[in-house]
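# Structural overview
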Amino acid sequence: MSRVWSSVSGMPTPAPGSRHVRRGTLALLVAFSALVPEGGAAPRWQGPLGGRSGLDAASLAEVVRRVVPGPDELAWRAIPWRATLRAGLQDATAEQKPVLLWAMNGHPLGTT
Amino acid sequence: VIDRRSAWSDPEVQALLASFVPTADEVGRLQRDTDPEARFFQAFAELGHYGGRERPTSTRQGIYVVTPSGKLLGSWNTRQVAEVRRRLRAALEAWAQLPEGERYPAEALARGARFEDHYPADGLVLVVYSRDLPRVDDTRDPADWRTHAWNVDHVWFTAAEAASLVAGELDGDAARRLVRLHTRDNVRGQTTPFPLECVQSARLEARVVAENGATKTLELVGEARVSESGAWRTGGGSDTPEATTRSFDGAFYGRAVWNGTRFTSFELALVGARAGATQYNERADDRGPAPMGVVFQLAPEDDRVAPAMWYEYPRTFRR
């Protein structure tokens, strides 16, 4: 396995609380160790359905915790955004307010 | 992504927004298309901060305050909180001074076609988050926003596609679409989907692990492998397209509950090694391979934002 995601036995032991490998990452790194190609070759192993899998219910929860944005990162979602200019104009007329339009390359409520 | 966590997260800005109808939309379609909604946008955007601009890009992205009648009250493209507050107040003052008769349209905007109109209410709609995962020997700067970047997208499946997964394996075309559009590394910024011919493996299977009447608890497992060689302006100090390869190689795992009619719970992770850099995804100095995680969850029913790459969806969605 590559050094970046070494196998369990070969994985460097980080200092506790290190910013490089914090507590709680071990399970993930173990899971990743099955995913990482050595020298560009795709790894092969048998998963529950005969396919490749380095994940299970425990690592699923850890991945979700690490990937899904937290409340502070989603504070902007507290704003009741209308998702199209058309909808914003309709509501603005009904509510007698101006429209504030946030227009981005990529939908601002999606991929930007 | 930066906008999301700066100006719009400010409590004072959020309080000011109560006096507006906050609206978000994709600018490319609005500035390019010819339907009534797009024409309406173009009329006021050309009076705004990027009106008439062609270089360095012709984008009209930014913030606009506009009356329902189409009169522009303010426009800007800054995320500085103090400046956003100031401009919001100025726009409200302009609104207050505007005669009532100039605020509203004589008639409602004619309805044009949007992909959002094809929202698959009877299918499966997921919100998708992507982010880098922990690395051993991580040399990234913790103070750099890119180290903590994440992105969001949406996935739509028709009822038939969702049913195929419940039956044991996601329809092949749907699985390839899933992999083409959601293994692309958009953590730090946008990038294009993988071409169909670059998909080496796209499989998502389900097996029943518990059953109670019509309700089935499913375990989801699969794999995703794509690789594309091409030339991109990666931003690595040169504007010349660079021949390079981008790829993703990973595995799915998840859990879902099907109540006999629809999914009531759905959580799926895709974890793997991504590599490469493209024009806008800010990976010129971080090409990997490095671990990336993608999580798919049920979207709230009021979240009807179309998938970013909606134009890659088949005609079966345009019923």
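Here the structure is a predicted model, which means the values were calculated and not measured.

Conventions used here
Residues numbered from 1 in each chain as written. Chains lettered and ligands numbered in written order. Predicted model: local features only at pLDDT ≥ 70, side-chain atom pairs only at ≥ 80, totals over all residues. Heavy atoms only, no water. Pairing = 2+ DSSP bridges. Helix = DSSP H or I, 4+ residues; strand = E, 2+ residues; numbered from the N terminus. Axes fitted to C-alpha atoms, helices over the stretch in contact; angles between N-to-C directions. Contact = heavy atoms within 4.5 Å. Buried < 20%, exposed > 50% of the residue type's maximum accessible area, 1.4 Å probe, protein only. Polar contact = N/O pair within 3.5 Å; in protein donor to acceptor, adjacent residues only side chain to side chain. Parallel < 35°, antiparallel > 145°, perpendicular 65-115°, else oblique. Nonpolar A, V, L, I, M, F, W, Y, C, P; charged D, E, K, R; others polar.

### Things to note about the pairing of strand β8 (residues 242-258) of chain B
Residue and element names in this part refer to chain B. The pairing of strand β7 (residues 215-232) with β8 spans 17 bridges and is antiparallel. Bridging across to β8, S229 finds its partner in T245. Pairing between β8 and strand β9 (residues 263-275): 12 bridges, direction antiparallel. Opposite A251, over in β9, you have V271 as the bridge partner. Hairpin connection, β8 to β9: the antiparallel pair is bridged by four residues, and G260 has positive phi, about 100°.

### A look at the sheet that holds strand β1 (residues 21-26) of chain B
Taken in spatial order, the four strands make up an open sheet running β1(B)-β1(A)-β2(B)-β3(B), and their pairing is mixed. Each edge of the open sheet carries a strand with a single partner, namely β1 and β3 (72-76) of chain B. The mean angle between the axes of side-by-side strands here comes to 20°, regardless of whether they run parallel or antiparallel. Where strand β1 (residues 99-104) of chain A meets β1 of chain B, six bridges bridge the pair, whose relative direction is parallel. Residue pairing in the sheet places M104 of chain A in a bridge with E26 of chain B of β1 of chain B. Across the sheet, helix α3 (residues 85-95) of chain A is in contact with β1 of chain A together with β1 of chain B; its angle to β1 of chain B comes to roughly 165°. Together, β1 of chain A together with β2 (62-66) and β3 of chain B form the strand contacts of helix α5 (residues 81-97) of chain B, whose direction differs from that of β3 of chain B by roughly 170°.

### Some remarks on helix α2 (residues 57-67) of chain A
For α2 of chain A, the set of buried residues is S59, L60, E62, V63, V64 and V67 of chain A. Where α2 of chain A begins, the side chain of D56 of chain A points an oxygen toward the backbone nitrogen of A58 of chain A, at a separation of 3.2 Å.

### Overview of the packing of α3 of chain A against helix α4 (residues 36-45) of chain B
When two helices pack together, their arrangement is given by the angle between the helix axes and the distance between those axes. At a minimum axis distance of 10 Å, the contact between α3 of chain A and α4 of chain B shows a crossing angle of 75°. By the angle class used here, α3 of chain A and α4 of chain B are roughly perpendicular. Contacts between α3 of chain A and α4 of chain B pair L85, R86 and L89 of chain A from the former with E37, F40 and F41 of chain B from the latter. The residue makeup of the contact of α3 of chain A with α4 of chain B, split by class, is four nonpolar, no polar and two charged.

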